[in-house]
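Spelled out, the chains give:
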Amino acid sequence: QVQLVESGGGLVQAGGSLRLSCAASGRTFSSYHMAWFRQAPGKEREFVAGITWGGRNTKHADSVKGRFTISRDNAKNTVYLQMNSLKPEDTAVYYCAATPRGGLLTITTGAYDYWGQGTQVTVSS
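Described below are features of the structure shown in this document. (Residues numbered from 1 in each chain as written. Predicted model: local features only at pLDDT ≥ 70, side-chain atom pairs only at ≥ 80, totals over all residues. Heavy atoms only, no water.)

**Digging into the state of the cysteines**
How we decide: Put simply, a disulfide is two cysteine sulfurs that come within 2.5 Å. Helix and strand definitions follow DSSP, with helices as H or I runs of at least four residues and strands as E runs of at least two, each counted in order from the N terminus. Whether a residue is buried, partly exposed or exposed follows from its accessible area with a 1.4 Å probe, protein chains only, as a fraction of its type maximum: under 20%, in between, or over 50%, in that order.
A complete count under the given rule lists 1 disulfide for this structure. Two residues share a disulfide in this structure: C22 and C96, whose sulfurs sit 2.1 Å from each other. On the sign convention where negative is left-handed, the bridge of C22 and C96, at about -80° about the S-S bond, is left-handed. Here C22, found in strand β3 (residues 18–24), pairs with C96, found in strand β9 (residues 92–99); they are 74 residues apart in sequence, far enough to count as distant. Note on accessibility: C22 and C96 belong to one class, buried.

Quick look at the structure:
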């Protein structure tokens, strides 16, 4: 069992930066693939970025590639999402997710077993 708590969201102007954090409970965090998803009003939840259990491999959605970076610190049981050059279309609730399944990173919500409560990111133009 893993519990996830996101933080770091807020209101920022276009072009600005934010760093989201996701703190995980449980001793098995280092064996979980982790991901960030987001959901804007009236839209489906979408994959943003993922990272394998050891941090060796990452995947970023095309819409954020070059602007967002996912990372993790297994010693701190924390995964991060550094968001730079933010755009109004990045406005959404951002969710942290975890899966104990190994193998390749997946971008589908159904593959992730544990979810945080979400943190709001609002980018003004």
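**Here we look at the pairing of strand β11 (residues 119–124)**
The test is simple: Pairs of strands are assigned from DSSP output, requiring at least two bridges between the strands.
In β11, alternate side chains face the same way, and those of T119, V121 and V123 are buried while those of Q120, T122 and S124 on the opposite face are not. In terms of strand pairing, strand β2 (residues 10–13) meets β11 through 4 bridges, oriented parallel. Bridge pairing in β11 links G10 to V121. Across 3 bridges, the pairing between β9 and β11 is antiparallel. Looking across to β11, one finds that A92 is bridged to V121.

**As for the packing of aromatic side chains**
Note the threshold: Only the six-membered ring of Trp is used, alongside the rings of Phe and Tyr, when aromatic pairs are assigned; centres must lie within 6.5 Å, and planes under 30 degrees apart are stacked while those over 60 apart are edge-to-face, with the rest tilted. By definition here, charges over rings are those cases where NZ of Lys or CZ of Arg is within 6 Å of the ring centre and within 35 degrees of the ring normal.
This structure, assessed with the given rule, holds 5 aromatic pairs. Centroid distance Y32 to Y114: 6.0 Å. Interplanar angle 55°. Geometry classified as tilted. With a gap of 82 residues between them, Y32 in the loop between β3 and β4 (33–39) and Y114 in strand β10 (residues 114–115) connect regions that are remote in the sequence. Just as Y32 is buried, Y114 falls in that class too. Centre to centre, the rings of F37 and F47 are 5.6 Å apart; their planes meet at 80°, and the pair counts as edge-to-face. Of the two residues, F37 is situated in strand β4 and F47 in strand β5 (residues 46–51); the sequence distance between them amounts to 10 residues. For the pair F37 and F47, one class covers both residues: buried. Taken together, the ring pairs connect F37, F47, Y112 and W115 into an aromatic cluster. Geometry around Y95 places R45 over its ring, the cationic atom sitting 3.7 Å from the centre.

**Some remarks on the pattern of salt bridges**
A side chain with one charge may pair with a side chain of the opposite charge, provided their charged atoms come close. The following threshold applies: A pairing counts as a salt bridge when a side-chain nitrogen of Lys or Arg comes within 4 Å of a carboxyl oxygen of Asp or Glu.
One pass over the full model with this rule turns up 5 salt bridges. One salt bridge connects R38 with D90, and the closest N-O pair in it is separated by 2.9 Å. Of this pair, R38 sits in strand β4 while D90 sits in the loop between β8 (78–83) and β9; the two residues are 52 residues apart in sequence, bridging distant segments of the chain. With its nearest N and O atoms 3.1 Å apart, the salt bridge here joins R101 to D113. Of this pair, R101 sits in the loop between β9 and β10 while D113 is found in the loop between β9 and β10, placing the two residues 12 residues apart along the sequence. Using a relative accessible area of 45% as the deciding quantity, one classes R101 as partly exposed.

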